[in-house]
Amino acid sequence: MPTYVRLLPLALLALAACSSGGDDETPDAGGPTVVDLCNTREEGLTLAECELKPGEPLERFLVQVGEEKANDRDWYRIVLPANTSARTLLNVNGAYLASSTAVNLSITVLGPAVTGGETALAKKEDKHGQGAPKPVDMVVPLRDDLGGKTLLVLVQDSPDVPTRPNFDARSPYRLTVKIAENPDTQEPNDTKETATPIALAAQAGVQVGTASGFLATDNDVDHFSFDLTAGKVAYVRVTAPNQDFVPNWRLAYELRRPNFNEKEDEGQVPPQVRGGELATARKVKDTGRWTLVVKGYRGPNDGETARGDLLQRYDVEVRVMDEADPHDTSATGNDAVATATLRNLAGPGGTTTFTGRLGYKPDRDWYQVQLASYSAAPTVLRYRVVPKSEGGRFPPLPDTPDRLVQVFTLVTKGANLEAWRTACLSDVTACPKGFGENPDARQLVEGYCTRTDLPAPMCTHSYREETVNNPRFSALSNFQGLIPVPAHGSAVSYYFVVQDDGTNWADDRDYDLVVSWEAEDDDEENRQSTGTEVPVPRSLASTTAYPAPPNTAEFSVSGKLSHGHGRLRSGDDRVNGRGVRGPGDYDAVPSDVDSYQFQLPQGLEAPEERAWLVQWEVEKLADGGTPHGLALDLTFCDGNVTDGGTSCTPVTTGSRNGALTLGYRSDALRAWHTPANASLSSLQPLYTLEERPGSTVVTLAPYACGCLERRFVRGGTMRVDVTATERTDYAPVNYTLRTGYGPYPQSYTVDGGTSVSCPAPVQDGGTPLGDGGVQPNYAGGCVFTRQP
């Protein structure tokens, strides 16, 4: 096979060329001498100066002809070698070496027609407008009957206004001709009738066949054929090796079924890719001879030209294999919700594992888990998708993997389909919603309530998607969840689907979907004995210990957090992949919340504020990791305000309108008492964290000056809602919250040991009493809710 050399880019040639004005100016003294030859067909056929010889560049001008400025046409001849055949290619390249010219270079190759007379074998022109000129390059396939014959090449301007041709007396064009053998040994295979057969041979249980080719001529199309049997999986791959240049064409393909009129799949590489890879994997539905069409992408309407390229080879690989997913081997498979693979769980404690694989596109794996009637108490359904190494009989498809898993229930509440859809959209008892941390999920969730291609509206309980650019989830570590299941008097089904988003990717590797039905923890069952969260009543105890409350039952409450995603500190945390959920993940049911109602001390003498001691401890996982932290949402009663005679005016926001929430942060922050002009170096962390052998302990630091404000003490109660935060696992774990109150103000240390008192209240006058006494008033002191 001959060796081919790619022409230098025009931009490099232009560095040594003169710029052209593109008008009727005459050349400056010392400039190029204009030689206007080969102006007629007869001259092109007879003059020695008008013969184009392979590999010998020729430089000429398109200039003004006569006072009428008629169109200058240059005629050249090419004498073909005697051994010219159907595998012979003629490469004609014309280019202006200047950075600008008014000429829109047009080249036409004329030769004998098959039926006699003369015909245009190829024509191409450069309509560059105000931009830089581009080379006119064409590769023309020849015929067996052209050996020894003479072809004509016509060079002229292609003006935008036909009556006003352009010319350039300053810059010449360069014309080059090459004659070579087509490097594609498969030619002719431009039609399905002449398709190159690909023989398949067994290799490790897979039928494999290969081929290669070139898209050597403009709009060249190559066909390959191979036999497939229904029920098999066919993997087809087309690659163009990276040879450090961008090919003249964008690699594209079509996979056509045996009748050839129906496309099974198609694709093209992105623009400006050096070489490229295209691949598909399909479940064969029609037995017969399939055809692979390899071509250059020509745009949506085939209006562009895919230029031939003699240097860029492409390779074809076909693999045919048996269906390896046991759930897809039946006639119906499990690609739709109506044919989901069914498993039954008889009661809490049951577990089932589905092993599947995404083995072709579009592959969707649907599973149905039916839970038996269980009205004793709420339960939970745990799931986890675990990728495995088994399989992989072909490389993952080159599209970006973006797998997802979703969990649904069918909504049939109401008298008819329209009522079902309404219930799915707006009845939280039929379909709970939880858009708090991912408002973008609303469109997804509501879309499944209104789709018409499903047997019934589907309520989305959980959604997980693969986040390729976040290394935290590179092994699908976010593909897990815990779904609360209400007590139910009849069997209920949950549907799971595992697929690639868009179903345009597959890897032929096994995964396990593990689903277990578990009893809700005793703590949650007790709290929801009435069907709603019931706060646990406690009295806040007094202590002189500081800053940690005593580790005794008097100061401790314990619980367990099971379902839900927990919470994050901000939306940026979700996007950046903090926690167990990915940026686009969704859970319908709000996170497990444990509520406590603390009775605050009563009958205290003014000023009533007290130091508040807070500490929480979270049990570690078996591997030593911390599954999550805690967040404490606070609700006080404002003792200074009554609302229409009610006993409690709830306060859930601080004096700066921020939520009254405590959550661990390790960085140094401003405390509520820190002066606005305090230096950053004087700031301290508000919490301390201690890693113990089996737990993680967080304590409100002395610098935080934790305290209960006077109006809250007079209000009488404090509700604490405990939730998980920065959750890294859905395993239910124990926690203990310790809290109490003590004398106020306490103090904290600065500058290596100097003791500083928290702000103390100051008496500010008084209110006269009926007995002649005075009730003292106080200003300042504790304003713990004034957090920065």
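Residues numbered from 1 in each chain as written. Predicted model: local features only at pLDDT ≥ 70, side-chain atom pairs only at ≥ 80, totals over all residues. Heavy atoms only, no water.

### Describing the overall build of the protein
Reasoning step 1: A tally of helices and strands in the protein yields seven helices and 46 strands.
Reasoning step 2: Against the globule reference of 28 Å for 788 residues, the protein gives a C-alpha radius of gyration of 40 Å, more extended than a compact globule.
Reasoning step 3: With respect to the three principal axes, the spread of C-alpha positions in the protein is 135 × 70 × 50 Å.
Reasoning step 4: Taking all 788 residues of the protein together, the buried fraction comes to 48%.
Reasoning step 5: A sequence separation of at least 24 residues applies to 79% of the contacts in the protein between residues at least 6 apart.
Reasoning step 6: When the accessible area of the protein is evaluated, it comes to approximately 35,700 Å², of which 50% is carbon and sulfur surface.
Reasoning step 7: Charge separation in the protein, taken as the distance between the mean sites of 73 positive and 104 negative side-chain charges, equals 1 Å. (Helix = DSSP H or I, 4+ residues; strand = E, 2+ residues; numbered from the N terminus. Rg over C-alpha atoms; globule rule 2.2 N^0.38 Å. Buried < 20%, exposed > 50% of the residue type's maximum accessible area, 1.4 Å probe, protein only. Contact = heavy atoms within 4.5 Å. Areas by Shrake-Rupley, 256 points an atom, 1.4 Å probe, with all protein chains shown as cover. Lys, Arg positive; Asp, Glu negative; His and termini not counted. Charge placed at Lys NZ, Arg CZ, Asp CG, Glu CD.)

### Some words on the side chain of aspartate 220
Reasoning step 1: Take aspartate 220: it is sitting in the loop between β11 (206–214) and β12 (221–228).
Reasoning step 2: It is arginine 87 that comes nearest to the buried, bridge-free aspartate 220 among opposite-charge side chains, at 9.7 Å. (Salt bridge = Lys/Arg side-chain N within 4 Å of Asp/Glu carboxyl O.)

### A word on the confidence of the model for the protein
Any residue range with low pLDDT should be treated as having predicted coordinates unsuitable for detailed reading.
Reasoning step 1: On average, the protein scores 88 in pLDDT, and the residues at 70 or more come to 90%.
Reasoning step 2: Below a pLDDT of 50 lies the segment residues 1–30, which in the model reaches 58 contacts outside its immediate sequence neighbourhood of four places, other chains included. (pLDDT = per-residue confidence, 0-100.)

### Remarks on the sheet that holds strand β27 (residues 509–519)
Reasoning step 1: Pairing is antiparallel across the open sheet formed by four strands, whose spatial order is β20-β27-β22-β25. Each end of this open sheet is capped by a strand with a single partner; those strands are β20 (351–357) and β25 (480–485). Neighbour-to-neighbour, the strand axes of this sheet turn through a mean angle of 20°, independent of strand direction.
Reasoning step 2: Strand direction decides the pairing type here: β20 and β27, joined by seven bridges, are antiparallel. (Pairing = 2+ DSSP bridges. Axes fitted to C-alpha atoms, helices over the stretch in contact; angles between N-to-C directions.)

### A few points about the pairing of strand β18 (residues 313–321)
Reasoning step 1: Burial within β18 is extensive, with seven of its nine residues counted as buried.
Reasoning step 2: Strand direction decides the pairing type here: β11 and β18, joined by eight bridges, are antiparallel. In the strand pairing of β18, glycine 213 is matched with tyrosine 314.
Reasoning step 3: Relative to β18, strand β13 (residues 233–240) runs antiparallel, the two sharing seven bridges. Along β18, the bridge assignment pairs arginine 237 with glutamate 317.

### Some thoughts on the side chain of aspartate 365
Reasoning step 1: Mapped onto the elements of the fold, aspartate 365 is located in strand β21 (residues 364–371).
Reasoning step 2: We note that aspartate 365 is buried and unpaired, the nearest opposite charge coming from arginine 357 at a distance of 8.4 Å.
Reasoning step 3: Among the polar contacts listed, one links the side chain of aspartate 365 to the side chain of tyrosine 511, at a separation of 2.6 Å.
Reasoning step 4: Every residue in contact with aspartate 365, bar those within four places of it in the chain, is listed here: Asp325, Asp328, Asn334, Asp335, Gly356, Arg357, Leu358, Phe496, Val497, Val498 and Tyr511. (Polar contact = N/O pair within 3.5 Å; in protein donor to acceptor, adjacent residues only side chain to side chain.)

### Section: the pattern of salt bridges
Any two side chains of opposite charge can pair, given that their charged atoms come close.
Reasoning step 1: The tally for this structure, following the rule as stated, stands at 48 salt bridges.
Reasoning step 2: The closest approach of N and O atoms between glutamate 181 and arginine 87, which form a salt bridge, is 3.4 Å. One end of the pair, glutamate 181, is in strand β8 (residues 168–181); the other, arginine 87, is in the loop between β2 (74–79) and β3 (88–96), and 94 residues separate them in sequence.
Reasoning step 3: Arginine 282 is the partner of glutamate 264 in a salt bridge, and the nearest nitrogen-oxygen pair spans 3.0 Å. Taken together, the positions of glutamate 264 in strand β15 (residues 263–268) and arginine 282 in strand β16 (residues 276–283) put the pair 18 residues apart, joining distant regions of the chain. Arginine 282 matches glutamate 264 in its accessibility class, with the two residues each being buried.
Reasoning step 4: Salt bridges sharing partners connect three or more residues here, namely Arg257, Glu262, Glu264, Asp265, Arg282 and Lys361.

### Re the environment of proline 743
Reasoning step 1: Tracing the sequence through the fold places proline 743 in the loop between β42 (733–742) and β43 (747–750).
Reasoning step 2: Sequence spacing of proline 743 and glutamate 608 is 135 residues, and the spatial spacing of their C-alpha atoms is 9.8 Å.

### What to know about helix α3 (residues 417–426)
Reasoning step 1: All of the buried residues along α3 are Arg421, Ala423 and Cys424. Seen along its axis, α3 keeps its buried residues to an arc of 160°; they face one direction. Away from the buried face of α3 by more than 90 degrees, exposed residues Glu418 and Ser426 are located.
Reasoning step 2: Buried residues belonging to α3 abut α4 (441–450) and β24 (458–465).
Reasoning step 3: For α3, the capping residue at the N-terminal end is asparagine 416, with a side-chain oxygen 3.2 Å from the backbone nitrogen of glutamate 418. (Arc of directions from axis to C-beta.)

### Things to note about empty space enclosed by the protein
Reasoning step 1: Going through the model one piece at a time under the given rule, you end up with four cavities of 30 Å³ or more.
Reasoning step 2: Every residue along the wall of the largest cavity is listed here: Glu437, His565, Gly566, Arg567, Leu568, Arg578, Gly579, Val580, Arg581, Glu726 and Arg727.
Reasoning step 3: Its residues assigned to classes, the lining of the largest cavity comprises two nonpolar, three polar and six charged. (1 Å grid on protein atoms, 1.4 Å probe; cavity = no way out; pocket = protein on both sides within 12 Å on 5 of 7 lines; lining within 4 Å. Points joined across faces, edges and corners; volume = space filled by probe spheres on them. Nonpolar A, V, L, I, M, F, W, Y, C, P; charged D, E, K, R; others polar.)

### Topic: the state of the cysteines
Reasoning step 1: Scanning the model with the defined rule gives six disulfides in all.
Reasoning step 2: The partner cysteine of cysteine 637 in its disulfide is cysteine 648, sulfur to sulfur 1.9 Å. Taking the sign of the S-S torsion, -100° for the link of cysteine 637 and cysteine 648, the bridge is left-handed. Of the two residues, cysteine 637 sits in strand β33 (residues 629–637) while cysteine 648 sits in the loop between β33 and β34 (650–651), which places them eleven residues apart along the sequence.
Reasoning step 3: Cysteine 705 shares a disulfide with cysteine 758; S-S distance 2.0 Å. Measuring the twist about the S-S bond at about -85°, one finds the cysteine 705-cysteine 758 disulfide to be left-handed. Here the residue cysteine 705 occupies a position in the loop between β39 (695–700) and β40 (707–708), and cysteine 758 occupies one in the loop between β44 (754–757) and β45 (761–768), the gap between them amounting to 53 residues.
Reasoning step 4: Here cysteine 758 falls in the buried class, since its relative accessible area comes to 2%. (Disulfide = S-S within 2.5 Å.)

### Observations concerning unusual backbone geometry
Reasoning step 1: Going from tyrosine 546 to proline 547, the amide bond is cis rather than trans, its omega being 10°.
Reasoning step 2: Summarising the element assignment, proline 547 is placed in the loop between β28 (536–539) and β29 (556–561).
Reasoning step 3: Residue proline 607 is reached from alanine 606 by a cis peptide bond, and omega for that bond is -5°.
Reasoning step 4: Topologically, proline 607 is positioned in the loop between β31 (594–599) and β32 (610–619).
Reasoning step 5: Despite not being glycine, phenylalanine 260 has its phi angle at roughly 70°, a positive value.
Reasoning step 6: Here phenylalanine 260 is to be found in the loop between β14 (251–256) and β15.

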